[in-house]
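Report on the structure
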Amino acid sequence: MDVSAGSTARSRAITALILGYFVVLAYATITNDPLAATVVELGFGIIAIAVGAMLYDRSEGPRSVLTVGAGCLIAGGVLAFVAVFTKSITVDTLSSLLVFAGVGCYVYAVWIAN
């Protein structure tokens, strides 16, 4: 298997995770199931870490915008786990802000590349 095949497999796995996340989110919202809501919160962390790792693989160097975005996504994903276990609203908010910052860095990197 060459490098591009591995990258394609990772992209498909992350896409499947995101689709599964939205299915479980819809279920949790409709049924108000607390276990499903916890799975959604943990899924948010897993997806953030996975996307952050993928961005880090694609970054050009330690000072690139993609590296900053990857760091924000990974930190946000880790904090999502901390928020689930501590039930801290502050940590949950910080997690979301870091993930949004990571996505913003990615959008910026794509925008300046074009």
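Values in this document were obtained by computation on a predicted structure and should not be read as measured data.

Topic: the overall build of the chain
Across its full length, the chain holds four helices and zero strands. Reading the helices (α) and strands (β) of the chain from amino to carboxyl end gives α-α-α-α. Of all 114 residues assigned to the chain, the portion counted as buried reaches 28%. A separation threshold of at least 6 residues defines the contact pool for the chain, and within that pool the share at least 24 residues apart is 54%. When the accessible surface of the chain is split by element, carbon and sulfur atoms take 71% of a total near 7,400 Å². Charge separation in the chain, taken as the distance between the mean sites of 5 positive and 6 negative side-chain charges, equals 6 Å.

Points about helix 4 (residues 89–113)
For the α-helix, the turn length of 3.6 residues means that residues three or four positions removed from each other point alike. Here helix 4 spans 36 Å end to end across 25 residues, near enough to the 36 Å set by a 1.5 Å rise per residue. Of all the positions in helix 4, only Val 91, Ser 95, Val 99, Gly 102, Cys 105 and Ala 109 are classed as buried.

A look at a nonpolar patch on the surface
A cluster of nonpolar residues, Val 103, Tyr 106, Val 107 and Val 110, forms a patch on the protein surface that exposes about 320 Å² of accessible area. By secondary structure assignment, the location of Val 110 is in helix 4. Judged by its relative accessible area of 35%, Val 110 is partly exposed.

Digging into the layout of surface pockets
Approximately 320 Å³ is the volume found for the largest pocket. Around the largest pocket, the lining is made up of 14 residues, and of these Ile 18, Ile 47, Ala 48, Val 51 and Val 103 lie nearest the centre. Elements with a contribution of two residues or more to the lining of the largest pocket: helix 1 (3–31), helix 2 (34–58) and helix 4. A per-element tally of the lining of the largest pocket places helix 1 first, with six residues. Of the residues belonging to the lining of the largest pocket, the class tally is twelve nonpolar, two polar and no charged. One number sums up the size of the second largest pocket: a volume of about 270 Å³. Considering the residues around the second largest pocket, the lining is formed by 16 residues, among which Glu 41, Ala 80, Ala 83, Val 84 and Asp 92 are closest to the centre. Of all elements in the fold, only helix 2, helix 3 (65–86) and helix 4 reach the threshold of two or more residues within the lining of the second largest pocket. Ranked by residues supplied to the lining of the second largest pocket, first place goes to helix 2 with six residues.

What about the side chain of Ser 95?
Tracing the sequence through the fold places Ser 95 in helix 4. In this structure Ser 95 comes out as buried when scored by relative accessible area, which is 0%. Residues within four places of Ser 95 in sequence aside, it is in contact with Phe 44, Gly 76, Leu 79 and Ala 80.

Reading the values: the criteria
Residues numbered from 1 in each chain as written. Predicted model: local features only at pLDDT ≥ 70, side-chain atom pairs only at ≥ 80, totals over all residues. Heavy atoms only, no water. Helix = DSSP H or I, 4+ residues; strand = E, 2+ residues; numbered from the N terminus. Buried < 20%, exposed > 50% of the residue type's maximum accessible area, 1.4 Å probe, protein only. Contact = heavy atoms within 4.5 Å. Areas by Shrake-Rupley, 256 points an atom, 1.4 Å probe, with all protein chains shown as cover. Lys, Arg positive; Asp, Glu negative; His and termini not counted. Charge placed at Lys NZ, Arg CZ, Asp CG, Glu CD. Expected span 1.5 Å × (residues − 1). Patch = residues over 30% accessible without salt bridge, like charges linked within 9 Å, V, L, I, M, F, W, Y side chains within 5 Å. Salt bridge = Lys/Arg side-chain N within 4 Å of Asp/Glu carboxyl O. 1 Å grid on protein atoms, 1.4 Å probe; cavity = no way out; pocket = protein on both sides within 12 Å on 5 of 7 lines; lining within 4 Å. Points joined across faces, edges and corners; volume = space filled by probe spheres on them. Nonpolar A, V, L, I, M, F, W, Y, C, P; charged D, E, K, R; others polar.

Coordinates in, geometry out; function isn't part of it.
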